[in-house]
Amino acid sequence: EDQVTQSPEALRLQEGESSSLNCSYTVSGLRGLFWYRQDPGKGPEFLFTLYSAGEEKEKERLKATLTKKESFLHITAPKPEDSATYLCAVGGGADGLTFGKGTHLIIQP
Amino acid sequence: ETGVTQTPRHLVMGMTNKKSLKCEQHLGHNAMYWYKQSAKKPLELMFVYNFKEQTENNSVPSRFSPECPNSSHLFLHLHTLQPEDSALYLCASSPTGGGDQPQHFGDGTRLSIL
């Protein structure tokens, strides 16, 4: 059974204070690892797909990396508008995705 | 309209009511999904349709009944629900099924069972 564990559950940072979110996974044949952002009252918004160990993707202040056991979402010099819940998901043998519980990120001005 | 649209956004119903949730995608995708999101729990996959054929039923109780008349529309028919069914129900779509493509989500229907 595919499993995804995200840490920390919650993270409070000062504006400009860089940090990383972790996503550990076990899957029988990784087909893709996905990062999403979810704002209150909204559905998850797609950020990145990673397919193989060593791959990296960047978008503005966010950078996602992948190893054979985990993925990191690095946030550089965050702003208050980066506050959201960040979700990690893996695609394995089945058609759907397996999600973690998410990291609730708060960036204080 | 673009993206994935879900209606209604909010629904309150009694345990004996029958209601339906609707999802429509304007992305030209061929796979559609229903997920349940409850507080403190990860998104739970409920159903998957790929080219209108159901390919996954994740042990969902029969009081939830999906329908996919075409690749652009997905319904979730609800009857005789329980209080623990209160949650955010999310619809998603992707170009095809398989876990190698990102899924694009609607904003969900917030369901409350009285």
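Computed from a prediction, not measured in an experiment: that's the story for all the values here.

### What about the sheet that holds strand β8 (residues 73–79) of chain B?
Residue and element names in this part refer to chain B. What the 4 strands build is an open sheet, ordered β1-β3-β8-β7; its pairing is antiparallel. Edge positions in the sheet fall to β1 (4–7) and β7 (64–70), since each of these pairs with one other strand and no more. Between one strand axis and the next, the sheet turns through 15° on average, direction left out of account. Here 7 bridges tie strand β3 (residues 18–25) to β8, and the two strands are oriented antiparallel to one another.

### So, the layout of surface pockets
Roughly 710 Å³ of volume is contained in the largest pocket. Considering the residues around the largest pocket, the lining is formed by 29 residues, among which A:Thr85, A:Lys101, B:Gln37, B:Ala39 and B:Lys40 are closest to the centre. Looking at the lining of the largest pocket, the elements with two or more residues in it are β1 (3–7), β9 (84–91) and β11 (103–108) of chain A. In terms of residue class, the lining of the largest pocket is made up of 10 nonpolar, 12 polar and 7 charged. In this structure, the second largest pocket spans a volume of roughly 620 Å³.

### Quick look at the interface of chain B and chain A
Facing the 26 residues of chain B at the interface are 22 residues of chain A. Buried area between chain B and chain A, summed over both chains or domains, comes out near 1,700 Å², and the portion from carbon and sulfur atoms is 54%. Inspection of the region where chain B meets chain A yields 2 salt bridges. Where A:Lys42 meets B:Asp107, a salt bridge forms, and the shortest distance between an N and an O atom there is 4.0 Å. Where chain B packs against chain A, one counts 8 residue pairs in polar contact (both at pLDDT 80 or more). Listing elements by their share of the side of chain B that touches chain A, those giving two or more residues are β4 (31–37), β5 (44–50), β6 (53–57), β9 (87–94) and β10 (104–105) of chain B. Taken together, the residues that form the side of chain B that touches chain A break down as 10 nonpolar, 10 polar and 6 charged.

What counts and how
Residues numbered from 1 in each chain as written. Chains lettered and ligands numbered in written order. Predicted model: local features only at pLDDT ≥ 70, side-chain atom pairs only at ≥ 80, totals over all residues. Heavy atoms only, no water. Pairing = 2+ DSSP bridges. Helix = DSSP H or I, 4+ residues; strand = E, 2+ residues; numbered from the N terminus. Axes fitted to C-alpha atoms, helices over the stretch in contact; angles between N-to-C directions. 1 Å grid on protein atoms, 1.4 Å probe; cavity = no way out; pocket = protein on both sides within 12 Å on 5 of 7 lines; lining within 4 Å. Points joined across faces, edges and corners; volume = space filled by probe spheres on them. Nonpolar A, V, L, I, M, F, W, Y, C, P; charged D, E, K, R; others polar. Contact = heavy atoms within 4.5 Å. Buried area = accessible area lost by both parts, 1.4 Å probe. Salt bridge = Lys/Arg side-chain N within 4 Å of Asp/Glu carboxyl O. Polar contact = N/O pair within 3.5 Å; in protein donor to acceptor, adjacent residues only side chain to side chain.

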